[in-house]
Structure formats: structure tokens, C-alpha cells
Amino acid sequence: MKRAGKPLAIVVAGCVAQQEGEALLRRFPEIDLVLGPQYIPWLGELLVEVGKGSQLCMTESMIWSEKGGSLAIDKDSSREKDGDWMTPIKRGHSVRAWVNVIYGCNEHCTYCVVPSVRGVEQSRSMEAILQECLQLAASGYKEVTLLGQNIDAYGRDMIPKRTFADLLHYLNDNLPPNTISRIRYVTSHPRYFSERVIDAVANLDKVCECFHMPFQAGDDEVLRGMRRGYTFDSYMKIIQKIRAKAPDASICGDVIVGFPGETEEAFQRTLDLMEEVKFDNLNTFAYSPRPNTEAANWENQIPPEVQSERLQR
């Protein structure tokens, strides 16, 4: 359509776009804009530049910082931070809103591209998160979902260190009545999950009794290959603690089937874990190799038809 002269812009965005960068423009010169996830808030402004004839590759690393209680992004960490990069966050709902609390990821799961494209973990201050929640409440929002690729890592990059449980207590205690009445969060990592988070979810009145606990696989050997840092048994101990302290809480999870080297016996362990936990909601995915990840280069890839059959089970 573009070659036929249609007035359109071709944009490639996301983690893989961040990783491939200018190589995408060299391979597909029709692309107008390559966009890393950190530049999404500026999509409108960037499309204006595209409309003027620019071809852009926006994949440079950013340092996330706070200024005046609002979210700011420093495009170049060598210069003084200013307000030029502050842009209103767009919300897709009038009652529920997403609030980022930690950016980046320090984990290196062998199937995941995120750490190499989103950088190291950077926690936002509790005060700035509270301020954003209060601004949302003033606009009529009643529920927030706190976001982090590994939300249990919240605060470990701070001085002094904080924890995600600290953040839940802080928000629960400082959000006034008749403002934000429901707090949710995603995504936990079983390797770092804290019993203090279970206590917070069980006891704090504004925090919804819901645990999102991705397990990705039930077989210990597959989990080792994924570099997840936990086992079938250690995961089930977390579930047992949740059931003991918050028996009515919902438990959700994520699972990947057909990871390289996954045998039928290994897949059966995943089914065993699902049967034991009885998830209230489960996000299921067939493994797909991502560029420049370790597992993508392994020779023991599972045929797509086997992946599909397992996914259906």
C-alpha cells in the first residue's frame, strides 16, 4: 500500500524492535519508525516528525527519574533533567488504571528478550507512586494495578532498600478514604516472592486478594533450562502459604509449553502442577524463539505441531 502511494506510516514497536533497531530499517526501508517500549508515551509526537518526512529509530536507553512527584524520563543521562520529556500517560479505562512502579529486569531467563532491551531494574519512589495514584483518584479512578516485569524486585535498587510489601503498606496507609479503593499488581517472580507480600495481600483492606504467580513449567529440568531459579516443590510451598493465610484469594499463573528439550514426561509435570494448584486463571503460551536469546540457539527445539497439541491440553 505504501509503495502504491497510500498516505500511511509503518511503525514497528516493542522489545524485538528495541533489540533490532536500525537493522530493521536497513532490511525494510519502508519502515518509518522503529520504537522501543520506553518511547511509547511519545508516539504522537514522533508520528508528527514522521509526517514531516523523517525516518526514526528510537531505541536509545533511558534513565527513568522522578521530578516534582511526576514521572519524567531523562533521554540523556549526561544532561540536567528537565520537563521536556514529560508527557501525560494515556489511560484505556475510566475506572481502572495501570501504574508503573519498577522498570527493567535483572533476570536473564533464557527465553526472554526483556532484560536486554529494557535495561536494569529502576524502582520509582513510593512518594511518586502515591502522587500518581492520588492524581488518578482526582480524575475518578477507583482501581490501580501496579506494574513491574519482576515486581518482587521493587526497592532492591534503592538506598535505603525498600520492598514491595513496604510499598503495599505505604499505599494502603496513605491513600485517603473514597479515593483508590482497590490495588492489584503484576507480575510476581516465585524466586523472590516474599511471605510479607502474602501477609499484605491477606490483611490490607485496599489490596485485592489476588496473586499472579507465573510458574512457566512444572518440570525441574525445564525450569533449570529456563534459568527460573525455583523448582516444582518450592513453587508449591508458596501456594501452600497463600492458601493458609489467604484461603479465599484467587491465584493466576503463566505457563510456557514446548520449551526446548521438554519431553512428554516433563510436560506431564506441568499438568500435574496445574492439577494441584487449580488456577483461577491461567495464561498459556507456546514457546517461540526470540532473537538473541540463549534458548533460541539450542538444537533441541520442539516441533510446532507438538507444541500446539500440548497447548490444547
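Whatever comes next refers back to the structure up there.
Described below are features of the structure shown in this document. (Residues numbered from 1 in each chain as written. Predicted model: local features only at pLDDT ≥ 70, side-chain atom pairs only at ≥ 80, totals over all residues. Heavy atoms only, no water.)

1. What about the overall build of the protein chain?
- In terms of regular secondary structure, the protein chain is built from 11 helices and 13 strands.
- Evaluated residue by residue, the protein chain yields a buried proportion of 46% over its 313 residues.
- Of the roughly 15900 Å² that the protein chain leaves accessible, carbon and sulfur atoms contribute 51%. (Helix = DSSP H or I, 4+ residues; strand = E, 2+ residues; numbered from the N terminus. Buried < 20%, exposed > 50% of the residue type's maximum accessible area, 1.4 Å probe, protein only. Areas by Shrake-Rupley, 256 points an atom, 1.4 Å probe, with all protein chains shown as cover.)

2. A few points about the nonpolar core
- Among the nonpolar cores identified, the biggest contains 62 residues, and Leu146 and Tyr235 are the most heavily contacted of them.
- Sequence-distant contacts of Tyr235, that is, excluding residues within four places in its chain, are made with Pro190, Met213, Pro214, Phe215, Tyr230, Leu273, Val277 and Phe279.
- Tyr39, Trp42, Val50 and Leu56 belong to the second largest nonpolar core, which has 8 residues in total. (Core = buried A, V, L, I, M, F, W, Y, C linked by side-chain atoms within 4.5 Å. Contact = heavy atoms within 4.5 Å.)

3. Brief notes about the pairing of strand E12 (residues 250-257)
- Of all 8 residues in E12, 7 are buried; the element is thus mostly enclosed.
- Alignment of strand E11 (residues 210-212) against E12, held across 3 bridges, turns out to be parallel. Note that in E12 the partner of Cys210 across the bridge is Ser250.
- Pairing between E12 and strand E13 (residues 281-286): 6 bridges, direction parallel. Bridge pairing links Asp254 to Asn283 in E13. (Pairing = 2+ DSSP bridges.)

4. A word on the packing of helix H5 (residues 126-138) against helix H6 (residues 164-174)
- The contact between H5 and H6 brings their axes to 10 Å, and the two run at 45 degrees. With respect to H6, the axis of H5 lies oblique. The handedness of the crossing between H5 and H6 is right-handed. Contacts between H5 and H6 involve Met126, Glu127, Ile129 and Leu130 from the first element and Asp166, Leu167, Tyr170, Leu171 and Asn174 from the second.
- Within the contact of H5 with H6, the residues separate by chemical class into 6 nonpolar, 1 polar and 2 charged. (Axes fitted to C-alpha atoms, helices over the stretch in contact; angles between N-to-C directions. Parallel < 35°, antiparallel > 145°, perpendicular 65-115°, else oblique. Left-handed = near helix turned anticlockwise from the far one by under 90°. Nonpolar A, V, L, I, M, F, W, Y, C, P; charged D, E, K, R; others polar.)

5. Examining the packing of aromatic side chains
- Scanning all chains against the criterion turns up 8 aromatic pairs.
- Look at Phe259 and Tyr287: their rings are 5.4 Å apart centre to centre, the planes differ by 75 degrees, and that puts the pair in the edge-to-face class. Here Tyr287 lies in the loop between E13 and helix H11 (304-312) and Phe259 lies in the loop between E12 and helix H10 (264-277), a separation of 28 residues in the sequence.
- Take Phe259: its relative accessible area is 1%, and that puts it in the buried class. (Phe/Tyr/Trp six-rings, centres within 6.5 Å; stacked < 30°, edge-to-face > 60°.)

6. Section: the environment of Tyr185
- Tracing the backbone through its elements, the reader meets Tyr185 in strand E10 (residues 182-186).
- Relative accessible area serves as the criterion here: at 5%, Tyr185 is assigned to the buried category.
- Between the C-alpha atoms of Tyr185 and Leu147, which are 38 residues apart in sequence, the distance is 5.9 Å.
- Setting aside chain neighbours within four positions, we find Tyr185 in contact with Thr145, Leu146, Ile151, Phe164, Phe193, Val197, Val201, Cys210, Phe211 and His212.

7. What to know about unusual backbone geometry
- Omega for the peptide link from Ile159 to Pro160 comes to -5 degrees, which places this bond in the cis form.
- Along the chain, the position of Pro160 falls in the loop between strand E9 (143-147) and H6.
- A cis amide bond links Val186 to the next residue, Thr187, at an omega of 5 degrees.
- Looking at the secondary structure, you find Thr187 in the loop between E10 and helix H7 (195-203).
- The phi torsion at Asn178 lies on the positive side, around 65 degrees, for a residue other than glycine.

8. A short note on the sheet that holds E11
- Reading across from one edge, E11-E12-E13 is the order of the 3 strands in this open sheet, with parallel pairing throughout. The open sheet is flanked by E11 and E13, the only strands paired with a single partner. Taking the axes of each pair of neighbouring strands and ignoring which way they run, one obtains an average angle of 10 degrees across the sheet.

9. Structural notes on the sheet that holds E10
- Read across the sheet, 3 strands follow the order E6-E9-E10 without closing on themselves; strand pairing throughout is parallel. Sheet topology places strand E6 (96-100) and E10 at the edges, where each strand pairs with a single neighbour. Taken pair by pair, the neighbouring strands of this sheet meet at an average axis angle of 25 degrees, ignoring direction.

10. Focus: a nonpolar patch on the surface
- A cluster of nonpolar residues, Val11, Leu43 and Leu47, forms a patch on the protein surface that exposes about 190 Å² of accessible area.
- Along the chain, Leu47 falls in helix H3 (residues 43-51). (Patch = residues over 30% accessible without salt bridge, like charges linked within 9 Å, V, L, I, M, F, W, Y side chains within 5 Å. Salt bridge = Lys/Arg side-chain N within 4 Å of Asp/Glu carboxyl O.)

11. Some details on the packing of helix H9 (residues 232-245) against H10
- Following both chains from N to C, one finds H9 and H10 inclined at 10 degrees, their axes separated by 11 Å at the closest point. For the element pair H9 / H10, the angle class is roughly parallel. For the pair H9 and H10, the contacting residues are Phe232, Tyr235, Met236, Ile239 and Arg243 in the first and Arg269, Asp272, Leu273, Glu276 and Val277 in the second.
- Along the lines of polarity and charge, the residues of the contact of H9 with H10 split into 6 nonpolar, no polar and 4 charged.

None of the figures reported here should be taken as evidence of function without further support.
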